[in-house]
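Given next are the chains, with one letter for each unit.
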Amino acid sequence: MPHFFALIALVMSFLAPVLGPGTGSANEIDPLATVIASKQDIPARTGDLDEILDSGVLRVLVEYSRTRFFVDGGRLRGFEYELVTQFAEKLRETHKDAKGLRVVLIPMPFDEILPALANGWGDIAAAGLTITADRSARIDFSRPYITGVREAVVAGKNAAPL
C-alpha cells in the first residue's frame, strides 16, 4: 500500500468562551489568532464539521518538532502550522458559519496524537501521518496532500534488528 501524509478530520471543540471577542487592547489576543493549549484545558467532545463551526474553534493536535510545528522568537511556525492556517482561512472563505473560526493548536508527543484524536481531544491531527490500513480502520483521513512518498528506516548501531 502506498504511503501518504495526511491531515485527519473529525471530532469537536469548546474553547470559544475562553477566547472570547476582543476589546481592541494592544495586549489582547487577536480573536482569530492561532493559539496553543494543552488537552487538559479542553473538555473531550466528538462531532463533525457543523459542530466545529458551531463552536467557533478548530482544535488541532500537532507534534512539536523542528520542522512541523515550533515557536521561533515568539511566533508559531512550521509546515503543519502553515497548512492548518491555510485550511482555517479556506473554511472562513467558503463557509458562512466559519467567519470567526479560531484555531487552537494542541502540541503532544507523536505517539499520543491518534489516541487523543480518537478520544475527542482534538478535531483534526496535523502531524505528517502516513495512511495505513490499521489507522484507516480507526479514523478518517482527508485526501493526502503528498503522495508517492517513500520512507526509509534509519537505525543506529545499537538499535534492535528490524
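Bear in mind the structure is a predicted one, so any value in this text is a computation, not a measurement.

### Some remarks on the overall build of the protein
For step 1, the next point in the chain: In terms of helices and strands, the protein carries four helices and eight strands.
For step 2, the next point in the chain: If you list the helices and strands of the protein from N to C, you get β-β-α-β-β-β-α-β-α-β-α-β.
For step 3, the next point in the chain: Split into buried and exposed, the 162 residues of the protein put 39% on the buried side.
For step 4, the next point in the chain: Looking at the protein alone, contacts between residues at least 24 apart form 77% of all its contacts between residues at least 6 apart.
For step 5, the next point in the chain: Total accessible area computed for the protein in this model is approximately 9,600 Å², and 54% of it derives from carbon and sulfur atoms.

### Here we look at the packing of aromatic side chains
Each aromatic ring pair is summarised here by two numbers: the centre-to-centre distance and the angle between the ring planes.
For step 1, the next point in the chain: Across all of its chains, the model carries one aromatic pair by this definition.
For step 2, the next point in the chain: Centroid distance Tyr-64 to Phe-69: 5.9 Å. Interplanar angle 80 degrees. Geometry classified as edge-to-face.
For step 3, the next point in the chain: On the basis of relative accessibility, which here comes to 1%, the residue Phe-69 falls in the buried class.

### Structural notes on a negative patch on the surface
For step 1, the next point in the chain: Residues Asp-48, Asp-50, Glu-51 and Asp-54 make up a contiguous surface patch of negative charge.
For step 2, the next point in the chain: Its location among the elements puts Asp-48 in the loop between strand E2 (34-36) and helix H1 (49-55).
For step 3, the next point in the chain: Overall, the relative accessible area of 37% leaves Asp-48 in the partly exposed class.

### A word on the nonpolar core
Generally speaking, soluble globular proteins have nonpolar side chains that are buried together.
For step 1, the next point in the chain: If you look at the biggest cluster of nonpolar residues, it comprises 18 residues, and the most contacted ones within it are Leu-61, Val-104, Ile-106, Met-108, Ile-113, Ala-125 and Leu-129.
For step 2, the next point in the chain: Sort the elements by how many residues they give to this core and helix H3 (residues 110-118) lands first, with four residues.
For step 3, the next point in the chain: Within the second largest apolar cluster, 17 residues are counted, among which are Val-62, Leu-76, Leu-91 and Ala-126.

### Some remarks on the side chain of Ser-55
For step 1, the next point in the chain: With respect to the element layout, Ser-55 can be found in helix H1.
For step 2, the next point in the chain: A polar side-chain atom of Ser-55 sits 3.2 Å from the main-chain amide nitrogen of Val-57.

### Things to note about helix H2 (residues 79-94)
One turn of an α-helix holds 3.6 residues; hence residues three or four places apart share an orientation.
For step 1, the next point in the chain: Across its 16 residues, H2 extends 23 Å between first and last C-alpha, which sits within 8% of the 22 Å expected from 1.5 Å per residue.
For step 2, the next point in the chain: Three or more residues of H2 are buried, namely Glu-80, Tyr-81, Val-84, Thr-85, Ala-88, Leu-91 and Arg-92. Projection of H2 onto a plane perpendicular to its axis shows the buried side chains occupying an angular sector of 135 degrees, all on one side.

### Some words on a nonpolar patch on the surface
For step 1, the next point in the chain: There is a patch of nonpolar side chains on the surface, built from Ile-36, Tyr-64 and Val-71 and spanning about 280 Å² of accessible area.
For step 2, the next point in the chain: Locating Ile-36 in the fold gives a position in strand E2.
For step 3, the next point in the chain: Of the residues examined, Ile-36 reaches a relative accessible area of 43% and is grouped as partly exposed.

### Description of the pattern of salt bridges
A side chain of one charge can pair with a side chain of the opposite charge if their charged atoms are brought near each other.
For step 1, the next point in the chain: On inspection of all chains with the given rule, the structure shows four salt bridges.
For step 2, the next point in the chain: For the salt bridge of Arg-59 with Asp-123, the shortest nitrogen-to-oxygen distance reads 3.5 Å. In this pair, Arg-59 sits in strand E3 (residues 57-62) while Asp-123 sits in the loop between H3 and strand E7 (124-130), placing the two residues 64 residues apart along the sequence.
For step 3, the next point in the chain: For Arg-59, a relative accessible area of 0% puts it in the buried group.
For step 4, the next point in the chain: The exposure class assigned to Asp-123 is buried, which follows from its relative accessible area of 0%.

So, how was this worked out
Residues numbered from 1 in each chain as written. Predicted model: local features only at pLDDT ≥ 70, side-chain atom pairs only at ≥ 80, totals over all residues. Heavy atoms only, no water. Helix = DSSP H or I, 4+ residues; strand = E, 2+ residues; numbered from the N terminus. Buried < 20%, exposed > 50% of the residue type's maximum accessible area, 1.4 Å probe, protein only. Contact = heavy atoms within 4.5 Å. Areas by Shrake-Rupley, 256 points an atom, 1.4 Å probe, with all protein chains shown as cover. Phe/Tyr/Trp six-rings, centres within 6.5 Å; stacked < 30°, edge-to-face > 60°. Patch = residues over 30% accessible without salt bridge, like charges linked within 9 Å, V, L, I, M, F, W, Y side chains within 5 Å. Salt bridge = Lys/Arg side-chain N within 4 Å of Asp/Glu carboxyl O. Lys, Arg positive; Asp, Glu negative; His and termini not counted. Charge placed at Lys NZ, Arg CZ, Asp CG, Glu CD. Core = buried A, V, L, I, M, F, W, Y, C linked by side-chain atoms within 4.5 Å. Polar contact = N/O pair within 3.5 Å; in protein donor to acceptor, adjacent residues only side chain to side chain. Expected span 1.5 Å × (residues − 1). Arc of directions from axis to C-beta.

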